[in-house]
Amino acid sequence: MAELSSEDVRFLSRTFGLEPLPDEIEEITLRLNALFRAMEPVERLDVSGAEAIPVLADEAR
Amino acid sequence: VNLDELAFAPVTELAPLLQQRKVSPVELTRLFLDRISTHDTSLRAYITVTTDEALAMARRAEQEIGQGIYLGPLHGIPIGVKDQFSTRGILTTAGSRLMAENVPDIDATVYGRLRGAGVVLLGKQNMTEFALGGTIDWPYGIARNPWNLSLSPGASSSGGGAATAAGLCTVSLGEDTGGSIRNPAAYCGLVGIKPTHGRVSRHGAVPLCWSTDCAGPIAHTAEDCAVVLGVIAGHDPRDRISSRRPVPDFRAGLNREIKGLQLGVVREAMEVARPEMQEAITTAARVLEGLGAIVEEVSIPLVTLTGAIYAAYCDVEGAALHQDRLRGAHLRLWDRATRVRLMTGSLVPFALYDRAARARDVLRAQVMGALQQVDVLVSPSAAGPAVRLEETQARWTSIDEVVDRRFRQAVFTSPYSLSGHPALSTPCSFSETGLPLGMQLIGRYFDEATILRVAHQYQSMTPWHRRRPSLTAT
């Protein structure tokens, strides 16, 4: 996933009707980019056959 | 009877004294209310102290017990309840200014069951805003750790940890989404259990992440946790995913020996823990071996990626729940850190959320696989002892810092929130600086009884859960 700029985040926030305060844009950008980086190994995982719906403990096999 | 000792006595010691009328519920309640009045200006464990209700409940308990109507071991026991749980007619803020005037007309099912068992409600306990961590601007005061006031009591059931450890209640009702019972229990030298997801009702609790939110007790002993869990567990028609499985008597098997039980120390969690924590877990494992358990090492590779999976999943769900509050006039009522975290969650692409959800399924399979190999998993509850409050409130300055501190170190409690397995934290040593260290025990689905038994047996051989803070350290 490409790294976002503060301008990208400002635009995305506005698109979704969110209005972060000016000094918060930088931190949201930092957190999003950090999450994208931390998710890189997760994106390389083989998840074939895995379900996206949480399995309730009652139904776990 | 020494009154101050009663403030730290477990339920199982107080109950016979109350039943035999050697201690009055009213006197006991007054003792706790006095202690709250003395110590809570610095600890800020409570958002609301329910003095009048507490005394009325205590008088009722006294009258009932006097008439021979004894409801069980929680009858007349003073407790605190996390302010995330609805309490009829009593302010319930979820630690947020956004709910500063919320007075529910229902009881959360778990609190209703405790009330039915005869508890005395001392008050509603402080928490990080909406049960996320990292609150900077605590609307109701910063909850502090009784072992050292400059330290965090853990999050998000912060007040529950602080109050129980400081003798400001006998037991607390907490809520755990990613570690919010186990973390305060570990930081405050207590026992806390997050049951199997679905074992307890979520009805009436302010939600954060529907598929991991879980109520549970924070107490002085594993046996007290067994008592409370036995009362709050069980199907609730108002929570469609609460399990219909029968609730066992969690106390019944606590004294059974653990000889032959297979325990697996989670390698990936040990690798991230600090040396003194690694040593504490190794020593605790030896104690358990001394009790006849067979200890080996197990690997759950995906534990190392749990931080990212949890954030891409639970922070997104939390953000979705609070979308209306993240807009317009409400905006400035938020704590800044909570608002930034949820706004971040609002912008995570669905493809990433979906990938996290599938990875969660792989993690669940890995945890289940490890629990086919052994009966119980053993892990540190945290990297080390309680951290300084400023550390929990620091702004991130670089991507590397966030990846390292927020994601790579989240290997302790959240894996089992995501997998839904029951997990408890019990004190297992003290740090060089005199702070409690916690050991986590994780069991198979709906097998809370075994982890409670291991913890109880461990506590029968060790002194850690009996140590008390002096309440003078700063």
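Residues numbered from 1 in each chain as written. Chains lettered and ligands numbered in written order. Predicted model: local features only at pLDDT ≥ 70, side-chain atom pairs only at ≥ 80, totals over all residues. Heavy atoms only, no water.

### Remarks on the overall build of chain A
Note the following rule: Strands here mean DSSP runs of E at least two residues long; helices mean DSSP runs of H or I at least four residues long; both are numbered from the N terminus. Using C-alpha atoms as the atom set, the radius of gyration is obtained and then compared with a globule rule of 2.2 Å times the number of residues to the power 0.38. Buried means the residue's accessible area, taken with a 1.4 Å probe over protein chains only, is under 20% of the maximum for its type, while exposed means over 50%, and partly exposed covers the values in between. Surface exposure here means Shrake-Rupley accessible area, sampled with a 1.4 Å probe, where a residue is shielded only by the protein chains that are shown. Positive charges come from Lys and Arg, negative ones from Asp and Glu, while His and the chain ends are left out of the count. Throughout, a charge is located at the NZ atom of Lys, the CZ atom of Arg, the CG atom of Asp or the CD atom of Glu.
Across its full length, chain A holds 2 helices and 0 strands. Relative to the globule expectation of 10 Å for 61 residues, the C-alpha radius of gyration of chain A, 17 Å, shows a markedly less compact shape. Looking at chain A residue by residue over its 61 residues, the buried ones come to 46%. Working note: accessible area of chain A is about 3,500 Å², and carbon and sulfur atoms make up 53% of it. Between the averaged position of the 6 positive side-chain charges in chain A and that of its 14 negative side-chain charges there is a distance of 3 Å.

### Some points on the overall build of chain B
The number of helices and strands found in chain B is 17 helices and 11 strands. By the compact-globule yardstick of 23 Å for 474 residues, chain B fits well, its C-alpha radius of gyration being 21 Å. Put simply, chain B shows about 16,100 Å² of open surface, and 48% of that area lies on carbon and sulfur atoms. Across chain B, the mean location of the 48 positive side-chain charges is 3 Å away from that of the 47 negative side-chain charges.

### Some details on the state of the cysteines
All names here are of chain B. We count it as follows: Disulfide: a pair of cysteine sulfur atoms within 2.5 Å of each other.
Evaluated as defined, the whole model comprises 0 disulfides over all chains. As a non-bridged cysteine, cysteine 209 has cysteine 314 as the owner of its nearest cysteine sulfur, 3.1 Å distant. Taking the relative accessible area as the measure of exposure, cysteine 209 reaches 0% and is therefore buried. The closest cysteine sulfur to the non-disulfide-bonded cysteine 225 is located on cysteine 169, 12 Å from its own sulfur.

### Let's talk about the interface of chain B and chain A
The extent of an interface is frequently quoted as the accessible surface area lost upon association of the parts. For clarity, the cut-off: Pairs of residues are marked as contacts when any of their non-hydrogen atoms sit within 4.5 Å. Two parts placed together each lose some accessible area under a 1.4 Å probe, and the buried area is that loss summed for both. One side-chain nitrogen of Lys or Arg within 4 Å of one carboxyl oxygen of Asp or Glu is enough to make a salt bridge.
Of the residues lining the interface, 54 residues belong to chain B; the matching set on chain A comes to 42 residues. In total, chain B and chain A occlude about 4,300 Å² of area from one another, counting both sides; carbon and sulfur atoms represent 70% of this. The largest per-residue losses of area from chain B upon contact with chain A belong to Leu347(B), Arg355(B) and Ile399(B), which jointly make up 17% of the total buried on that side. Taken together, the links from chain B to chain A amount to 5 salt bridges.

### Notes on the sheet that holds strand β7 (residues 262-266) of chain B
All names here are of chain B. The condition that has to hold: Any two strands are treated as partners once DSSP identifies two or more bridges connecting them. Inter-axis angles, ranging from 0 to 180 degrees, are taken between N-to-C directions of lines fitted to C-alpha atoms, where helices are fitted over the stretch in contact.
Here 11 strands make up an open sheet; going across it, the order is β1-β3-β2-β4-β6-β5-β10-β11-β9-β7-β8 and the pairing mixed. Each edge of the open sheet is held by one strand with a lone partner, namely β1 (46-49) and β8 (294-298). Along the sheet, successive strands turn relative to each other by an average axial angle of 30°, direction set aside. Pairing analysis gives 5 bridges linking β7 to β8, with the strands arranged parallel. If you follow valine 265 over to β8, its bridge partner there is glutamate 297. Against the sheet, helix α4 (residues 51-66) engages β1 and β3 (120-125), with an angle of about 155° to β3. Contacting β5 (191-194), β9 (376-380), β10 (423-430) and β11 (436-442), helix α17 (residues 448-461) runs over the sheet at an angle of about 15° to β10.

### Topic: helix α5 (residues 109-116) of chain B
Residue and element names in this part refer to chain B. Three or more residues of α5 are buried, namely Thr109, Val110, Tyr111 and Leu114. Packed against the buried residues of α5 are α4, β2 (78-82), β3, β4 (171-176), β6 (214-219) and α8 (222-232). Positioned one or two residues after α5, glycine 118 has a phi angle of 95°, which is positive.

### Quick word on the nonpolar core
For clarity, the cut-off: The criterion is simple. A nonpolar core is a set of buried Ala, Val, Leu, Ile, Met, Phe, Trp, Tyr and Cys residues joined through side-chain atoms within 4.5 Å.
Leu288(B), Ile300(B), Leu377(B), Tyr416(B), Met439(B), Leu441(B) and Leu452(B) are the most contacted members of the largest nonpolar core, which has 160 residues in total. Beyond its immediate chain neighbours, meaning those up to four positions away, Met439(B) contacts Ile281(B), Ala284(B), Leu288(B), Val378(B), Ser379(B), Ser381(B), Leu424(B), Ser425(B), Thr426(B), Cys428(B) and Tyr458(B).

### What about the confidence of the model for chain B?
The criterion, for reference: Confidence of the predictor in every single residue is expressed as pLDDT, which spans 0 to 100.
Residues of chain B with pLDDT of at least 70 account for 99%, and the chain-wide mean is 96. Interface predicted TM-score (ipTM) for the complex: 0.95; the corresponding pTM is 0.97.

### Quick word on α4(B)
Residue and element names in this part refer to chain B. Where we set the bar: Each helix should span, by expectation, one fewer than its residue count multiplied by 1.5 Å.
Here α4 spans 22 Å end to end across 16 residues, near enough to the 22 Å set by a 1.5 Å rise per residue. Buried residues along α4 sit against α2 (11-19), α3 (25-43), α5 and β3. Backbone geometry just downstream of α4 places glycine 68 in the positive-phi region, at approximately 85°.

### Here we look at the pattern of salt bridges
Applying the stated rule across the entire model yields 25 salt bridges over all chains. As a salt-bridge pair, Arg31(A) and Glu27(A) come within 3.6 Å of each other at their nearest N and O atoms. Taken together, the residues span about one helical turn, with Arg31(A) and Glu27(A) both in helix α2 (residues 22-43) at a distance of 4 residues. Looking at Arg31(A), the relative accessible area reads 12%, which means it is buried. Residue Glu27(A) is classed as buried on the basis of its relative accessible area, which comes to 9%. Between Arg406(B) and Asp315(B) there is a salt bridge whose closest N-O contact spans 3.0 Å. In this pair, Arg406(B) is assigned in helix α15 (residues 399-408) and Asp315(B) in helix α11 (residues 306-321), connecting sequence segments 91 residues apart. We note that Arg406(B), like Asp315(B), is buried. Among the charged side chains, a salt-bridge network with shared partners connects Asp23(A), Glu27(A), Arg31(A), Arg336(B) and Arg395(B).

### What to know about the layout of surface pockets
Short version of the rule: Here a cavity denotes a set of grid points, spaced 1 Å apart and computed over the protein atoms alone, in which a 1.4 Å probe fits but from which it cannot get out, and a pocket denotes an open set meeting protein on both sides within 12 Å along at least five of seven lines; residues with an atom within 4 Å of a point are reported as lining. Grid points are joined across faces, edges and corners, and a volume is the space filled by probe spheres set on the points. For this classification, the nonpolar set comprises Ala, Val, Leu, Ile, Met, Phe, Trp, Tyr, Cys and Pro, the charged set comprises Asp, Glu, Lys and Arg, and every other residue, Gly included, is treated as polar.
There is about 1,300 Å³ of room inside the largest pocket. Looking at the largest pocket, it is lined by 49 residues, and the ones nearest its centre are Gly133(B), Asn183(B), Tyr187(B), Arg405(B) and Arg406(B). Secondary structure elements with two or more residues in the lining of the largest pocket: α2 of chain A together with α7 (182-188), α11, α12 (336-346), α14 (389-393) and α15 of chain B. Each residue belonging to the lining of the largest pocket can be placed in one class, and the counts come to 19 nonpolar, 21 polar and 9 charged.

### Some remarks on the packing of α11(B) against α12(B)
All names here are of chain B. The condition is simple: Every angle not falling under 35 degrees, over 145, or within 65 to 115 is termed oblique; those three ranges are roughly parallel, roughly antiparallel and roughly perpendicular.
Interhelical geometry of α11 versus α12 gives an angle of 100° and a closest axis separation of 8 Å. The pairing of α11 with α12 is recorded here as roughly perpendicular in orientation. Contact residues: α11 offers Tyr310, Asp315, Val316, Gly318 and Ala319, while α12 offers Arg341, Leu342, Gly345 and Ser346. Of the residues that constitute the contact of α11 with α12, the class distribution is 4 nonpolar, 3 polar and 2 charged.

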